[in-house]
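What the coordinates show
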Amino acid sequence: MISAQTTDFIQKASSFVREADGRISEQTRILTEWDGHVAKFRLVNEGLTPVSVKEMVLFKGGWPYTGDTKFYGEGYSMLSQYGGTIAQPGLIGKFDDRKHYKLPATEGFFTAYNFVLLSPSASSHVLMGFTSCSCYTGEIRLADGHFEVVLDGEQLIIEPGQSWELESFAIFEGTDRETLLEQFGRELEANHPRLETPGAPNGWCSWYCFGPQVTEQNIFDNLQAISEQAPQLKYIQIDDGYQAYMGDWLVPGKSFSDMEKLCKQIKDEGFEPAIWVAPFIAQQESALFQKHPDWFIQDEDGQPLASNKISFGGWRHGPWYMLDGTHPEAREYLRHVFRTMREEWGCHYFKLDANMWGALPGGRRYIPEATKVEAYRMGMEAVLEGAGHDSFLLGCNAPMWPSLGTVHGMRVTGDIARKWPVFALLAAEGFSRNWQHNRLWVNDPDCLVLENRNIKLVDPDGTVRHGLSTITPDEFSFHAAYIIASGGMVLSGDDMSTMSASNMDIVKKALTTRNIAARFDDDSFRIGRVYEPDRQLLCLFNWSETATTLTIRLDQAGRLEDFWTGEELGLHRDQLTLTDMPGHSGRVLVFYPSKASV
């Protein structure tokens, strides 16, 4: 049993099962066993009749945290993150689990998923969260003075005498948030070992310069430019737009002729083809859906269930239909798609998108007793089997904890756009998940974009016009520093065939780090430190609109230089003070301790 004084509320909490009709079950019992900071649970039906389980309440009770307590909370979806205070919770990103994905909410509480980090003060933190996600979805419900920790039972039936092994849970407290996150990460990694990967892939992505209108010629033009100017960008990622229809991933659309030939040409040039696939969705016009409607999640009438009936319908060509990960023929189709791309096309890197649609609640599956987490993990197992263990799978728009151990990399932010609010938003999202990098998976901070380009502008009166994006050099410096501080993948998102020489140099310089995520001094995310073996990178951010003075503590005396230009900044002891750091700007400095300076 845990013994920390400030977390004794967890010991005093009650546990029980809510049945499908909302009543508290009198014949089921949750057995709890503590081992240090970690608890394991088992649900037992001790009665004589089956019980339909709505949810398993592992802990319910009072706690000392009032409405003004700061917190960070994970979402069920990769695109959902929460912060603020218990009384005034807010969305960090753009997409709310409840409003966007239409996941159910519990009245009287704010619901986070997977884990929360509570911060009653700047030097006092409590982290509580689920350290496994093999079968059930974990919720942590916050309120002023009381809380619930719950696993979703999804109205599944537990028979008399039957017992279910549940997800494990941990609680940590301390003065340093980064240390707590590292402790929590070790527990997660023990239950869901990280898939082996040689490192963070680097490359180029077609989406942010060509979108779904990408053509074969666009790929060739950028391949040539990269070959001549930035051969360090190993992967050429062909994003959404190459396929005939969503779901028909092996059939090229009108702007592509032969995907196998294209991928082999990329390899012949000394690079690696990378391909975008959304394995769990199909549009109505696709051959997959037309020929095999029974492979999809069904509605109450036994017909394929459109995703807009239960959630967001999809960002184009919707509403989508959701491939059933429990259906054996659907899983074989997934194996076939990825095996073909690997063995015939030569692809060993797959960006998996819209994975959320494989893990949404609702509808009927081929295996009715499977939870949404189990169904998703069954589908992902088929993807892994087809892609082979020598491939790299990147999760995107995915359920976070259900993806543990199923992907090599994970997008940890929403989509980049050439706008300052989006630069700042992605940094807030990504830095909150820096601790996951190289522990749960390789973090993908999304693409590095450095070039202003034509965008659609909407005037206050609603008039639509086109013009150049208005990102300033300082704002681009913030964005580039964010990519370095993330420690994750570096994918250029600009048209390399027209990129300026100076921006090409920035791309190449960004590829020279050791892919280590920054540890931040506090949750203001102004000062981040990347500890490399022979040097330290200081990643500095001014989020405000106006210039500021930033004082950085130095671990010891040493020499500083600018990361991007190599400009010498002299010897410094104890601290560095940057005056008049421009608003909306970022800097990366290289610090060489005295023993390594020359």
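As annotated in an unreviewed UniProt entry, the chain carries the name Alpha-galactosidase and is attributed to Paenibacillus vulneris.

Right, let's get into the pairing of strand E6 (residues 81-84). Note: strand E5 (residues 70-74) against E6, two bridges, orientation antiparallel. Paired with Gly73 across the bridge in E6 is Tyr82. Connecting E5 to the antiparallel partner E6 that follows it, the hairpin turn spans six residues. Relative to strand E7 (residues 89-91), E6 is paired through three bridges, and the arrangement is antiparallel. Looking at E7, one finds that Gly84 is bridged to Pro89.

By the alternation rule, side chains of strand E15 (residues 235-238) split into Tyr235 and Gln237 and Ile236 and Ile238, which are all buried. In the sheet, strand E14 (residues 202-205) pairs with E15 via three bridges, with the strands oriented parallel. Note on E15: the bridge partner recorded for Gly203 is Tyr235. With four bridges joining them, E15 and strand E16 (residues 272-277) adopt parallel strand pairing. Among the inter-strand pairings, Gln237 is bridged to a residue of E16, identified as Ala274. After leaving E15, the chain enters helix H5 (residues 259-268) and then returns to the sheet as E16, a path that is right-handed.

In space, the six strands of this open sheet follow the order E26-E27-E28-E33-E30-E31, with antiparallel pairing throughout. Every interior strand has two partners, whereas the edge strands, strand E26 (519-520) and strand E31 (568-572), have only one. In this structure, strand E30 (residues 558-562) lies alongside E31, joined through four bridges in antiparallel fashion. When the bridges of E31 are listed, Gly558 appears paired with His572.

Residue Pro319 follows Gly318 across a cis peptide bond; omega there is -5°. Residue Gln155 is not a glycine yet carries a positive backbone phi of 60°. By secondary structure assignment, the location of Gln155 is in strand E11 (residues 146-158). Among the residues examined, Gln155 registers a relative accessible area of 42% and is labelled partly exposed. For Asn438, which is not glycine, the phi torsion reads 60° and is therefore positive. Examined against the element boundaries, Asn438 turns out to sit in the loop between helix H9 (420-431) and strand E22 (442-444). Under the relative-accessibility criterion, Asn438 is labelled partly exposed at 36%.

Soluble globular proteins: nonpolar side chains tend toward being buried together. Among the nonpolar cores identified, the biggest contains 142 residues, and Tyr242, Trp249, Ile275 and Met341 are the most heavily contacted of them. For this core, the element with the highest residue contribution is helix H10 (residues 473-486), accounting for eight residues. With near-sequence residues (within four places) excluded, Met341 lies in contact with Tyr242, Trp249, Leu250, Ile275, Val277, Gly346, Cys347 and Phe350. By size, the runner-up hydrophobic cluster in this structure holds 39 residues, among which are Phe9, Tyr65, Ile140 and Trp164.

Estimates place the volume of the largest pocket at around 960 Å³. Forming the boundary of the largest pocket are 36 residues, of which Trp207, Tyr208, Asp415, Ile416 and Ala417 lie nearest the centre. Mapped by element, the contributors of at least two residues to the lining of the largest pocket are helix H3 (207-210), H9 and strand E23 (454-458). Per-class residue counts for the lining of the largest pocket are 19 nonpolar, five polar and twelve charged. In this structure, the second largest pocket occupies an estimated 650 Å³ of space.

What the rule picks out here adds up to 37 salt bridges. Residue Glu148 pairs with Arg18 through a salt bridge whose shortest N-O separation is 2.8 Å. On the criterion of sequence distance, the pair formed by Glu148 in strand E11 and Arg18 in strand E1 (residues 14-19) is long-range, its members being 130 residues apart. For the residue pair Glu148 and Arg18, the accessibility class agrees, reading buried in each case.

Parameters at a glance
Residues numbered from 1 in each chain as written. Predicted model: local features only at pLDDT ≥ 70, side-chain atom pairs only at ≥ 80, totals over all residues. Heavy atoms only, no water. Pairing = 2+ DSSP bridges. Helix = DSSP H or I, 4+ residues; strand = E, 2+ residues; numbered from the N terminus. Buried < 20%, exposed > 50% of the residue type's maximum accessible area, 1.4 Å probe, protein only. Right-handed = clockwise from strand over helix to strand, strands pointing away. Core = buried A, V, L, I, M, F, W, Y, C linked by side-chain atoms within 4.5 Å. Contact = heavy atoms within 4.5 Å. 1 Å grid on protein atoms, 1.4 Å probe; cavity = no way out; pocket = protein on both sides within 12 Å on 5 of 7 lines; lining within 4 Å. Points joined across faces, edges and corners; volume = space filled by probe spheres on them. Nonpolar A, V, L, I, M, F, W, Y, C, P; charged D, E, K, R; others polar. Salt bridge = Lys/Arg side-chain N within 4 Å of Asp/Glu carboxyl O.

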